[in-house]
Amino acid sequence: MREFANAWIAIGTQSVGGGTSTLFLIRRLVVERHKWVTARAFTEERSLSQLSPGIHLVALAGLLGNRIAGWRGVAISVGGMMVPAAVVTAAMTAAYGTIADQPIARAALAGMAPATGGMTLALALVLAREARQHGRAVIVDALFVIAAFAILTFTRTSSIAVIVIAALLGTVLLHRERPTSERSAE
Amino acid sequence: MITELGLFLILLKDSALALGGLGSLPLIRQDLVATGLATDAQVVQALAIGRLSTGPNGL
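Residues numbered from 1 in each chain as written. Chains lettered and ligands numbered in written order. Predicted model: local features only at pLDDT ≥ 70, side-chain atom pairs only at ≥ 80, totals over all residues. Heavy atoms only, no water.

Student: Any chance you could explain the overall build of chain B here in plain terms?
Tutor: Looking only at helices and strands, chain B features 3 helices and 0 strands. Ordered by position in the sequence, the α and β elements of chain B form the string α-α-α. Taken over C-alpha atoms, the radius of gyration comes to 11 Å for chain B, in line with the 10 Å a tight globule of 59 residues would show. Each of the three principal axes of chain B carries a C-alpha extent, and together these read 30 × 25 × 20 Å. Here the contacts in chain B between residues at least 6 apart in sequence split such that 30% fall between residues at least 24 apart. (Helix = DSSP H or I, 4+ residues; strand = E, 2+ residues; numbered from the N terminus. Rg over C-alpha atoms; globule rule 2.2 N^0.38 Å. Contact = heavy atoms within 4.5 Å.)

Student: Looking at this structure, I do not really get the nonpolar core. What am I missing?
Tutor: One broad rule of soluble globular proteins: the nonpolar side chains tend to lie buried together. Core analysis: the biggest nonpolar cluster contains 19 residues, and W8(A), I26(A) and F42(A) have the highest contact counts within it. Taken together, the elements giving at least two residues each to this core come down to α1 (2–14), α2 (19–33), α3 (39–49) and α4 (56–99) of chain A. It is α2(A) that provides the largest number of residues to this core, a total of 6 residues. Those residues in contact with I26(A) that sit more than four places away from it in its chain are W8(A), I11(A), V31(A), F42(A), L57(A), L60(A), L64(A) and M81(A). If you look at the next biggest cluster of nonpolar residues, it comprises 5 residues, including Y96(A), A100(A), L109(A) and I49(B). (Core = buried A, V, L, I, M, F, W, Y, C linked by side-chain atoms within 4.5 Å. Buried < 20%, exposed > 50% of the residue type's maximum accessible area, 1.4 Å probe, protein only.)

Student: Can you help me understand the layout of surface pockets in this one?
Tutor: Take a probe with the size of a water molecule and roll it over the atoms, and the empty space left behind shows itself. Roughly 1,400 Å³ of volume is contained in the second largest pocket. What lines the second largest pocket is a set of 41 residues, among which L11(B), I28(B), L32(B), A46(B) and N57(B) lie closest to the centre. Those elements that place two or more of their residues in the lining of the second largest pocket are α4 of chain A together with α1 (4–17), α2 (24–33) and α3 (40–52) of chain B. With 8 residues, α3(B) is the single largest residue contributor to the lining of the second largest pocket. (1 Å grid on protein atoms, 1.4 Å probe; cavity = no way out; pocket = protein on both sides within 12 Å on 5 of 7 lines; lining within 4 Å. Points joined across faces, edges and corners; volume = space filled by probe spheres on them.)

Student: Please explain the pattern of salt bridges as it appears in this structure.
Tutor: Close approach of charged atoms allows side chains of opposite charge to pair. Residue and element names in this part refer to chain B. Tallying each qualifying case throughout the model produces 8 salt bridges over all chains. The shortest N-O distance in the salt bridge between D14 and K13 comes to 3.7 Å. Residue classification places D14 among the buried positions, given a relative accessible area of 1%. Measuring nitrogen to oxygen at the nearest pair gives 2.8 Å for the salt bridge that ties D40 to R29. Linking D40 in helix α3 with R29 in helix α2, this pair joins segments that are 11 residues apart in sequence. Classification of D40 by relative accessible area gives partly exposed; the value is 35%. (Salt bridge = Lys/Arg side-chain N within 4 Å of Asp/Glu carboxyl O.)

Student: Where do I start with the interface of chain B and chain A in this structure?
Tutor: At the junction of the two partners, chain B supplies 27 residues and chain A supplies 40 residues. Interface area for chain B against chain A, summed over the two sides, is near 2,700 Å², with a carbon-plus-sulfur share of 68%. Here chain B and chain A share 0 salt bridges between them. The tally of links from chain B across to chain A stands at 5 residue pairs in polar contact (both at pLDDT 80 or more). At the level of elements, α1, α2 and α3 of chain B are the ones that each hand at least two residues to the side of chain B that touches chain A. When grouped by side-chain class, the residues that make up the side of chain B that touches chain A number 15 nonpolar, 10 polar and 2 charged. (Buried area = accessible area lost by both parts, 1.4 Å probe. Polar contact = N/O pair within 3.5 Å; in protein donor to acceptor, adjacent residues only side chain to side chain. Nonpolar A, V, L, I, M, F, W, Y, C, P; charged D, E, K, R; others polar.)

Student: Please clarify how the environment of R72(A) should be interpreted in this entry.
Tutor: Residues and elements named next belong to chain A. Looking at where R72 falls in the secondary structure, it is placed in helix α4. Judged by relative accessible area, R72 falls into the exposed class, the value being 58%. Along the backbone, R72 and L109 are 37 residues apart, and their C-alpha atoms lie at a distance of 40 Å.

Student: How should α3(B) be read in this particular structure?
Tutor: An α-helical turn contains 3.6 residues, so a residue and the one three or four places further along point in the same direction. Between its first and last C-alpha, α3(B) extends 19 Å over 13 residues, near the 18 Å set by a 1.5 Å rise per residue. V43(B), L47(B), A48(B), I49(B), G50(B) and R51(B) are the residues of α3(B) that are buried. (Expected span 1.5 Å × (residues − 1).)

Student: Can you walk me through the packing of α1(A) against α2(A) in this structure?
Tutor: Packed helix pairs are specified by the crossing angle of their axes together with the interaxial distance, meaning the distance between the axes. Residues and elements named next belong to chain A. The geometry of α1 relative to α2 is characterised by a closest axis approach of 9 Å and an angle of 155 degrees between their N-to-C directions. With respect to α2, the element α1 is oriented roughly antiparallel. The two elements α1 and α2 meet at a crossing, and its hand is right-handed. Only T22, L25, I26, L29 and V30 of α2 make contact with α1, whose side of the interface consists of A7, W8, A10, I11 and Q14. Class assignment of the residues belonging to the contact of α1 with α2 gives a composition of 8 nonpolar, 2 polar and no charged. (Axes fitted to C-alpha atoms, helices over the stretch in contact; angles between N-to-C directions. Parallel < 35°, antiparallel > 145°, perpendicular 65-115°, else oblique. Left-handed = near helix turned anticlockwise from the far one by under 90°.)

Function cannot be inferred from these measures alone, as they are strictly geometric.
Structural data, given as structure tokens:
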């Protein structure tokens, strides 16, 4: 069990850059190195975690922990991954607070901010691309993307209202469509 | 001025209502920037620090 905990602490402290690198490290340790679950089981749990609200990787850690060691596994996997990561993030935020007024810190952040914006934009484009369907529905999807972008950029409409309205429109406009996205066709 | 509990509840709500990915970002931005609790620049700074940090960054 100690080896199990160490693996999750390593995931929480050694993956930098967010989602993709964390997911990669989880797979490498849990599937390839320790062989606690099969690649197929990993993929199943990953698919299930996509249905969860909040941070998908936390749900994935919990599902894998449960599969490997039951409820104790859930506590160890989620706690092992998140607690050290939260401590590192809090320490970095505190450190930034003390050097925020230094010219070199301002310069570094001035360089990082546009890069972060670009990375976030790239991730948003990937999400929009993954969500699209094929056939006639792709036109509806494209209109939804453009409308949501315009509403949130140019108006003060609540994000939650946009999501709820999109869900209602989706049930009306797409209820006859078969699920034909690339992901569901796999 | 918002209390620590108020800030916690805002982020809890935004995370619980978002289906992963960048889903929580517009909710967080709206709750923090539109209400004057933070500026857009501060949100971008927080994103940058979050990306530099280890583990899942929640986005």
